[in-house]
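So the chains spell out like this:
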Amino acid sequence: MTKQLFANEKVMKQYLDALLQEDIARDSVANPVENLLSDVEVKAAEHQQATTEKVIAKPVVKEPVIVPEVKVEVVEAVEVALPPARTQDATYDDDEFQALYFEVAGLTLAVPLKALGGIYQLGEVNQIFGKPDWFKGVMLHREQKLNVVDSARWVMPEKYNKKLEEALNYQYLIMLGESNWGLLAERLIDNVSLSHQDIKWRDKGGRRPWLAGLIKEKMCALINVSAMTELLDQGLDSQDDEA
């Protein structure tokens, strides 16, 4: 099996959290003028308030008003976690859904069973020239041509190197929905039942639209299959925006 890229679950959580939060940090850097203007507006408001307080006359003391006691019943609010509109397709209509966990280079990924097109034992892959590096080639299965994606190179290209490439031991092809795209996997872990509450949903657009959210307990990435398929159809990798 491939030597894991992540020393422990804490390191994996930090990496996945960074994927979810990266766009927020990029927006802050990309809009320094807006940030400065915001600071100026706040300071101006504070100065105006201080000036107003100096010229206010002494308050007029009025007789206290007796208000009759009113009993208020407090109802405890129940927080309901829902996926953002852009990920709320038929896959997430139900509060609970099944997902398959699989492993790639020590990183655990999950795909909803509703969006799982099938699982195949990896066979011979025929390379095609002129394609992106993450496109391994085509595998034939009962006269059907399956497009094979190097999952490690596509999902985390910033960590991909020659050493990792040589250590990868792909065994399975995880098909995405009704498309001809399949993700290579080293190990199938388990089928699990998930609810919306189990997931830290992606709530911002930008890079990595394929990442629906982070499954909290397992520390793994939940794949948005429709968004990933669109990226693959356009020849884009995981860090690109949809065109």
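Residues numbered from 1 in each chain as written. Predicted model: local features only at pLDDT ≥ 70, side-chain atom pairs only at ≥ 80, totals over all residues. Heavy atoms only, no water.

Chemist: Tell me about the overall build of the protein chain, residues and numbers included.
Modeler: Along its length, the protein chain carries five helices and 11 strands. Per-residue burial over the protein chain gives 38% buried out of 243 residues. Across the protein chain, every contact between residues at least 6 apart in sequence was considered, and the portion connecting residues at least 24 apart equals 62%. Per element, the accessible surface of the protein chain, about 15,300 Å² overall, is 51% carbon and sulfur. (Helix = DSSP H or I, 4+ residues; strand = E, 2+ residues; numbered from the N terminus. Buried < 20%, exposed > 50% of the residue type's maximum accessible area, 1.4 Å probe, protein only. Contact = heavy atoms within 4.5 Å. Areas by Shrake-Rupley, 256 points an atom, 1.4 Å probe, with all protein chains shown as cover.)

Chemist: Provide a residue-level description of the layout of surface pockets, including the pertinent values.
Modeler: Within this model, the largest pocket holds a volume of roughly 220 Å³. Surrounding the largest pocket, 14 residues form its lining, Gln127, Pro132, Asp133, Phe135 and Lys136 being those nearest its centre. (1 Å grid on protein atoms, 1.4 Å probe; cavity = no way out; pocket = protein on both sides within 12 Å on 5 of 7 lines; lining within 4 Å. Points joined across faces, edges and corners; volume = space filled by probe spheres on them.)

Chemist: Would you mind going over the sheet that holds strand β5 (residues 144–149) in detail, with residue names and values included?
Modeler: The strands making up a sheet are joined through hydrogen bonds of the backbone, oriented either antiparallel or parallel. Ordered in space as β3-β6-β7-β5-β4, the five strands form an open sheet in which the pairing is mixed. With one partner strand each, in any of the chains shown, β3 (116–121) and β4 (135–141) form the two edges of the open sheet. In this sheet, neighbouring strand axes are inclined to one another by 30 degrees on average, regardless of whether the strands run parallel or antiparallel. Taken together, the three bridges between β5 and strand β7 (residues 181–185) define a ladder with parallel strand orientation. Following the sheet pairing, Val148 is matched in β7 by Gly182. (Pairing = 2+ DSSP bridges. Axes fitted to C-alpha atoms, helices over the stretch in contact; angles between N-to-C directions.)

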